[in-house]
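Understanding the architecture of this molecule
For reference, the chains in residue letters:
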Amino acid sequence: MNPYAKLTFSLSLVLGTTITISSNHWMAAWTGLEINTLAIIPLISKSHHPRAIEAAIKYFLVQAAASTLLLFSSMINAWHTGQWDITQLNHPTSSLLLTTAIAMKLGLVPFHFWFPEVLQGSPLTTALLLSTLMKFPPITILLLTSHSLDPTLLATMAIASAALGGWMGLNQTQIRKVLAFSSISHLGWMSIVLIYNPKLTLATFYIYCIMTGAIFLTLNTTKSFKLSTMMTSWTKTPVLNTTLMMTLLSLAGLPPLTGFLPKWLIIQELSKQEMTTPATIIAILSLLSLFFYLRLAYYSTITLPPNPTNLMKQWHANKPASTLIAALSSMSTLLLPLSPMILALI
């Protein structure tokens, strides 16, 4: 892809995200979401592979439908209340339609079908953008309207997302699909606490972005796309694979790593709200995710291929690990002692 074109699309992504997160009018928020959608499509389809084209078309159709629902929701609300302000979402039908639209944009169950397929058809760097930056504007809209949303509906979708994300990730061999189902599962954790503590949802999203960023950039360095290629990457970059294993365990939520902090705080918040049953269910469902994270960690560090590869290229990394990977991996594993400071910020 032409560097100028890539720069244009990247700046458009930043612009679209900024417009949406800083707007208080529904039309401005919708405009930002549309700019984001149009900017990411060329980045998904840049390889011109049939799978990439298919992923771009699926992404466009789903996002277009979600944007239409979002516009419809805001128009119904404006019709009944005379308000175009995002925080003034008072009509129940508008609230239901908005929840549906944002669930489609994020990939929450039962609107999750597109997300693993699109991630599988995208390059790793674009898949990273889809998992992190592209979810930021919809989550911001959810935060602004959290007081108007239906708690029962959100809790049901959250538990279903945690269950399906864990269940479907169990027998995947493609790493991008595993990370897609991991994303769906984490979105369930963010959604369940959204109404009771929106700032905690945002903190969970930030920590998730740090951990996912470290994993995707590491996989991009070692060029690992499947579990079988992950097995051979240990011989190329043993230190990088060790940090990858730690980051995966952190994403699973194991103490004393960073990923344990949001899960601990979410379960604590749900217990305060007398929602011990949903808290217990979602904690048990996280064991499903833990299984495939352990599987990935096992493949990345402990399993060596049964036969040595004959290709010399396999034994050398294509490029050295960057400072960004080092920083993100460190933050993904070492932030738990800073939890009092993070709690003060929340």
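Here the residue index of a chain counts from 1 through its sequence in written order. It should be noted that, the model being predicted, local features are given only for residues of pLDDT at least 70 and side-chain atom pairs only at 80 or more, the latter also being counted only at that level, while totals for whole chains, interfaces and linings use all residues. Think of the side-chain values as coming from all heavy atoms in the structure, minus any hydrogens and water.

In the annotation of an unreviewed UniProt entry, the entry for the chain reads NADH-ubiquinone oxidoreductase chain 2, and the organism field reads Adelomyia melanogenys. Per its UniProt entry, the chain bears the Catalytic activity (unreviewed entry) comment "a ubiquinone + NADH + 5 H(+)(in) = a ubiquinol + NAD(+) + 4 H(+)(out)". Note on the chain: under the UniProt heading Sequence similarities (unreviewed entry), the record states "Belongs to the complex I subunit 2 family." UniProt positions are given in the numbering used here, feature names are shortened, and annotations may be inferred rather than shown by experiment.

1. So, the overall build of the chain
Every helix listed is a DSSP run of H or I at least four residues long, and every strand listed is a run of E at least two residues long, numbered separately from the N terminus. In terms of regular secondary structure, the chain is built from 16 helices and 0 strands. Since a compact globule built from 346 residues should have a radius of gyration of about 20 Å, the 20 Å found for the chain is in line with a globular shape. Taken along the three principal axes of its C-alpha coordinates, the chain extends 70 × 50 × 35 Å. Relative accessible area decides the class of each residue, using a 1.4 Å probe on protein chains only: under 20% of the type maximum gives buried, over 50% gives exposed, and in between gives partly exposed. For the chain, with 346 residues in total, the buried portion stands at 54%. Throughout, a residue-residue contact means that at least one pair of heavy atoms, one from each residue, lies within 4.5 Å. Taking the contacts inside the chain whose residues are at least 6 apart along the sequence as the reference set, 77% of them involve residues at least 24 apart. In this treatment the radius of gyration is a C-alpha quantity, and the globule benchmark scales as 2.2 Å times the residue count to the 0.38 power.

2. What to know about helix α5 (residues 114-121)
Buried residues dominate α5, accounting for 7 of its 8 residues. Listed in full, the buried residues belonging to α5 are W114, F115, P116, V118, L119, Q120 and G121. Elements that come into contact with the buried residues of α5 comprise α2 (26-44), α3 (50-81), α4 (92-106), α6 (124-131), α9 (175-192) and α10 (198-222).

3. Digging into the domain arrangement of the chain
For the purposes of this description, domain bounds are those given by an automatic or database domain assignment. Under the domain assignment, the chain is made up of domain 1 (1-123) and domain 2 (150-345). Each of domain 1 and domain 2 has a C-alpha centre, and these two points are 24 Å apart. Listed as interface residues are 18 residues of domain 1 and, on the opposing side, 19 residues of domain 2. What counts as buried area is the accessible surface, traced by a 1.4 Å probe, that two parts surrender upon association, with contributions from both included. Both sides together, the interface formed by domain 1 and domain 2 hides about 1,500 Å², and carbon and sulfur atoms give 72% of it. Three residues, L108, V109 and Q120, lead the burial of domain 1 against domain 2; their summed loss comes to 39% of the area buried on that side. In the sections that follow, a salt bridge refers to a side-chain nitrogen of Lys or Arg positioned within 4 Å of a carboxyl oxygen of Asp or Glu. Applying the counting criterion to the domain 1 and domain 2 interface returns 1 salt bridge.

4. Quick word on the environment of V118
Examined against the element boundaries, V118 turns out to sit in helix α5. Sequence spacing of V118 and I44 is 74 residues, and the spatial spacing of their C-alpha atoms is 8.2 Å. In this structure V118 touches I44, A55, K58, Y59 and L130, once residues within four positions along its chain are discounted.

5. Some details on the packing of α5 against α9
Convention adopted: a line fitted to C-alpha atoms gives each axis, helices being fitted over their contacting stretch, and angles between N-to-C directions are expressed from 0 to 180 degrees. The contact between α5 and α9 brings their axes to 8 Å, and the two run at 145°. Pair α5 / α9 crosses with right-handed handedness. Between α5 and α9, the residues in contact are F115, P116, E117, L119 and Q120 and R176, K177, L179, A180, F181, S183 and I184, respectively. Two helices cross in a left-handed way if the nearer one is turned anticlockwise from the farther one by less than a right angle. They cross in a right-handed way if the turn is clockwise.

6. Considering the environment of N220
Along the chain, the position of N220 falls in helix α10. The spacing of N220 and P337 is 117 residues in sequence and 29 Å in space, taken between C-alpha atoms.

7. Describing the nonpolar core
Joining through side-chain atoms within 4.5 Å is the link that ties buried Ala, Val, Leu, Ile, Met, Phe, Trp, Tyr and Cys residues into a set, and such a set is a nonpolar core. Counting 95 residues, the largest nonpolar core has Y59 and I192 as its most contacted members. A total of 13 residues in this core trace back to one element, the largest contributor, which is α10. Shared between two domains, this core takes at least three residues from each, and those domains are domain 1 (1-123) and domain 2 (150-345).

8. Structural notes on the side chain of H186
You can see H186 is positioned in helix α9. The residues touching H186, leaving out its near neighbours within four places in the chain, are Y208, L251, K263 and Y293.

9. Brief notes about the UniProt feature "signal peptide" (unreviewed entry) in the chain
According to UniProt, the positions carrying the feature "signal peptide" (unreviewed entry) are residues 1-23. As annotated, residues 1-23 has a helix share of 87% and a strand share of 0%, and its two end C-alpha atoms lie 32 Å apart.

10. Quick notes on α9
Taking 1.5 Å per residue as the helical rise, α9 with its 18 residues ought to reach 26 Å, and the 26 Å between its terminal C-alpha atoms agrees with that figure. Within α9, 18 of the 18 residues are buried, which leaves it mostly tucked inside the rest of the structure. A helix is expected to reach a length of 1.5 Å times the quantity of its residues less one.

11. Focus on the packing of aromatic side chains
Side-chain rings of Phe, Tyr and Trp, where Trp is taken by its six-membered ring, are said to pair if the distance between their centres is within 6.5 Å; with planes under 30 degrees apart they count as stacked, over 60 as edge-to-face, and otherwise as tilted. Going through the model one piece at a time under the given rule, you end up with 8 aromatic pairs. Note on F205 and Y206: the rings are 6.5 Å apart at their centroids and 45° apart in plane angle, and the pair reads as tilted. Taking relative accessible area as the criterion, F205 reaches 2% and is therefore assigned buried. With centroids separated by 6.4 Å and ring planes inclined at 90°, the aromatic side chains of Y298 and Y299 adopt a geometry described as edge-to-face. What makes Y298 partly exposed here is its relative accessible area of 44%. Residue class for Y299 comes out partly exposed when judged on its relative accessible area of 22%.

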